[in-house]
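Examining the three-dimensional arrangement
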Amino acid sequence: MHIVYKSEATRGAHWQRWLAQHAPDIQLHIWPDIGDPEQVELLVAWQPPENLMRTFPNLKALLSVGAGADQFDLTQLPPDLPVVRMIEPGLTQGMVEYVTFAVLGLHRDMPRYFQQQRAEQWQTHPIRTASQRRVGVMGLGELGQACLKQLVSLGFDCAGWSRTPREISGVRCWHGSDQLGDFLAHSDILVCLLPLTDSTRGLLNKQLFTQLPDGAALVQVGRGPQLNEADLLAALASGKLSAAVIDVTDPEPLPAGHPFWQHPAIWLTPHIASATQTDSAVAALLDNLRRYQRGEPMVGLIDRNRGY
């Protein structure tokens, strides 16, 4: 089987060596070396080349190197071409670590204490237990459920919201637009792990923020275009929100002078909450390739109607 990898070259070279050792029947070509294009069955990429089907006339599926597939313009892809996102344990664990760090930091008022440190101010504030802090996670897929499992184990009062009904042990779940308001009212710390779709673009806005408890905090690890930046800044200025941890922005990177850089109530990180881990990802890739060879559905196959 011939596949092409089109993304970060160093990782691709490692994958090429790993597959040569563990799956010598699979030929991985690293873009722009594509071998015989008519033999290429699968493309693994962050962004496919233009004229995809003209370049690879016998392509059977497009696989993302990341957890999402929203970077693909699905309107430019053949409607019957399967699109698969990456699901692998290293990526999931990274997100669990980051969300746990962010929630614990906000729970223990770290943004406020860091501001006090810079002002040389020694002042304590009341401490709430985890059971008294309500954490709401938007997006209950692989990543959202893994994060909630960890947060529940730490004793937080956890809630979840998704487009369709879900049941998660130890978590109160809401679903659909009719139940969004009740979910938000239950979220002292709101974690956004939603995929980017037409319905989630610009969702984190003034209307949503007003439904949160006064002084709530935001952890944004979804996608940059979901956040209305001006509305976030206004909510922080008014005290409606107390703090925000932002890992994804639009654009990336943010331009010099952007208000997020120096804002005292914002922790900003450069889209590092979770990243595909080289070894565990190539093992997950091989598992999907074997599924493909056996004619089985691949893990991470997206629903074109939902966009994820």
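Residues numbered from 1 in each chain as written. Predicted model: local features only at pLDDT ≥ 70, side-chain atom pairs only at ≥ 80, totals over all residues. Heavy atoms only, no water.

**Considerations on the packing of helix H1 (residues 9–22) against helix H10 (residues 278–293)**
Think of two packed helices as two axes; the pair is described by the angle between the axes and how far apart they sit. Axis separation between H1 and H10 bottoms out at 10 Å; the angle between their running directions is 55 degrees. Here H1 is positioned oblique relative to H10, judged by the angle of their axes. Pair H1 / H10 crosses with right-handed handedness. Side by side, H1 and H10 meet where Arg11, His14, Trp15, Trp18 and Leu19 of the first sit next to Thr278, Asp279, Ala281, Val282, Ala283, Leu285 and Leu286 of the second. When grouped by side-chain class, the residues that make up the contact of H1 with H10 number 8 nonpolar, 2 polar and 2 charged. (Axes fitted to C-alpha atoms, helices over the stretch in contact; angles between N-to-C directions. Helix = DSSP H or I, 4+ residues; strand = E, 2+ residues; numbered from the N terminus. Parallel < 35°, antiparallel > 145°, perpendicular 65-115°, else oblique. Left-handed = near helix turned anticlockwise from the far one by under 90°. Contact = heavy atoms within 4.5 Å. Nonpolar A, V, L, I, M, F, W, Y, C, P; charged D, E, K, R; others polar.)

**Brief notes about the sheet that holds strand E9 (residues 189–192)**
Here we have 7 strands laid out as an open sheet, ordered E8-E7-E6-E9-E10-E11-E12, and parallel in their pairing. Either end of the sheet is taken by a strand with one partner, and the two such strands are strand E8 (172–175) and strand E12 (266–268). Between one strand axis and the next, the sheet turns through 15 degrees on average, direction left out of account. Bridge count for strand E6 (residues 134–138) against E9 is 4 bridges, and the pairing is parallel. Within E9, the residue paired with Val137 across the bridge is Val191. (Pairing = 2+ DSSP bridges.)

**Section: the nonpolar core**
Counting 30 residues, the largest nonpolar core has Val191 and Val221 as the members making the most contacts within it. Looking at this core, the elements that each hand over two or more residues are helix H3 (89–107), E6, helix H5 (142–153), E9, strand E10 (216–220) and strand E11 (241–246). Counting residues per element, this core draws most heavily on H3, which supplies 8 residues. With residues up to four places along the chain from it excluded, the contact list for Val191 reads Val99, Val103, Val135, Gly136, Val137, Met138, Val219 and Val221. (Core = buried A, V, L, I, M, F, W, Y, C linked by side-chain atoms within 4.5 Å. Buried < 20%, exposed > 50% of the residue type's maximum accessible area, 1.4 Å probe, protein only.)

**Overview of the sheet that holds strand E5 (residues 83–84)**
Hydrogen bonds between backbone atoms are what pair the strands of a sheet, whose relative direction is either parallel or antiparallel. In space, the 5 strands of this open sheet follow the order E2-E1-E3-E4-E5, with parallel pairing throughout. Two strands lie at the open edges of the sheet, namely strand E2 (27–30) and E5, each paired on one side alone. As paired elements, strand E3 (residues 40–45) and strand E4 (residues 61–64) share 4 bridges and run parallel to each other. Bridge pairing in E4 links Ala45 to Ser64. Across the sheet, H1 lies against strand E1 (2–6), E2 and E3, angled at about 165 degrees from E2, the strand it touches most. Against the sheet, H10 contacts E1, E3, E4 and E5, and its axis sits at roughly 150 degrees relative to E3.

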